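Fold and contact review
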Amino acid sequence: QDLLLAPQQTVKVGTSETVYMTFSHAMHKLDLSFTIGNGYTDKDISSLSLAVDAKTTCVVDGVKGKIKEVKNEIGQYHSTGATASFYLVPQLTSGIVLNINIDGDSKSISLNELLSQLGKPQEEIVGGKCTSLNLKINRNGISVEGGSIGGWENQVTADGEVVIG
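What comes next concerns the included structure. (Residues numbered from 1 in each chain as written. Predicted model: local features only at pLDDT ≥ 70, side-chain atom pairs only at ≥ 80, totals over all residues. Heavy atoms only, no water.)

The subject of this paragraph is the overall build of the protein chain. Per the secondary structure count, the protein chain includes two helices and 14 strands. The C-alpha atoms of the protein chain give 19 Å as radius of gyration, which overshoots the globular expectation for 165 residues (15 Å, by more than 25%). Of all 165 residues assigned to the protein chain, the portion counted as buried reaches 35%. Put simply, 61% of the contacts in the protein chain that link residues at least 6 apart link residues at least 24 apart. Carbon and sulfur atoms form 48% of the exposed surface of the protein chain, whose accessible area is close to 10000 Å². (Helix = DSSP H or I, 4+ residues; strand = E, 2+ residues; numbered from the N terminus. Rg over C-alpha atoms; globule rule 2.2 N^0.38 Å. Buried < 20%, exposed > 50% of the residue type's maximum accessible area, 1.4 Å probe, protein only. Contact = heavy atoms within 4.5 Å. Areas by Shrake-Rupley, 256 points an atom, 1.4 Å probe, with all protein chains shown as cover.)

Taken in spatial order, the four strands of this open sheet run 8-3-13-14, and their pairing is mixed. At either end of the open sheet lies a strand with only one pairing partner, and these are strand 8 (83-88) and strand 14 (141-151). The average undirected angle you get between the axes of adjacent strands in this sheet is 20°. With eight bridges joining them, strand 3 (residues 28-36) and strand 13 (residues 129-138) adopt parallel strand pairing. Within strand 13, the position partnered with Ile 36 by the bridge is Ile 137. (Pairing = 2+ DSSP bridges. Axes fitted to C-alpha atoms, helices over the stretch in contact; angles between N-to-C directions.)

Let us look at the environment of Asp 44. Looking at the secondary structure, you find Asp 44 in helix 1 (residues 42-46). Sequence separation between Asp 44 and Asp 103 is 59 residues, and the spatial gap between their C-alpha atoms is 6.1 Å.

With that settled, the discussion passes to the pattern of salt bridges. Two side chains that carry opposite charge are able to pair once their charged atoms sit near each other. Counted by the stated rule, this structure contains five salt bridges. A salt bridge links Lys 29 to Asp 31, with the shortest nitrogen-to-oxygen separation between them at 3.9 Å. We note a salt bridge from Lys 136 to Glu 145, for which the minimum N-O separation is 3.5 Å. Note on Lys 136: relative accessible area 27%, which makes it partly exposed. Residue classification places Glu 145 among the partly exposed residues on the basis of a relative accessible area of 46%. One salt-bridge network, held together by shared partners, links Asp 103, Asp 105 and Arg 139. (Salt bridge = Lys/Arg side-chain N within 4 Å of Asp/Glu carboxyl O.)

Encoded structure:
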């Protein structure tokens, strides 16, 4: 799931002044799309299954509005079909591994390797960013057809009143 955090603001108790809080995505969004290459048919793409090995847990400092620590626990995110989207805690790209099964074949590749193929090597993923990759699955491997790393859509603005206490 996504997590929005806002940095700590100094406010006097009982103030009637407006307090502006800017919330940002704490997670990194990974969007993947798959196309079929040599050796597979269009029918095979519907049976594609994906398991992403990655760190899954972080500790948040709610007062400061930031991630305090990323735990070392590795879990799996799962998806089937031609597209997948995941929210990941910030972490090293070398530790994020895509495991793809299609038509009885298994293939694995790290996010680090994919970003190098894209020509945009990244040692780590950070919150508030989105990595989009278009991957071609061939019998002999996985290749990057295109992609981008950028801001994660427009950040939300909300007007209203929040009463605490």
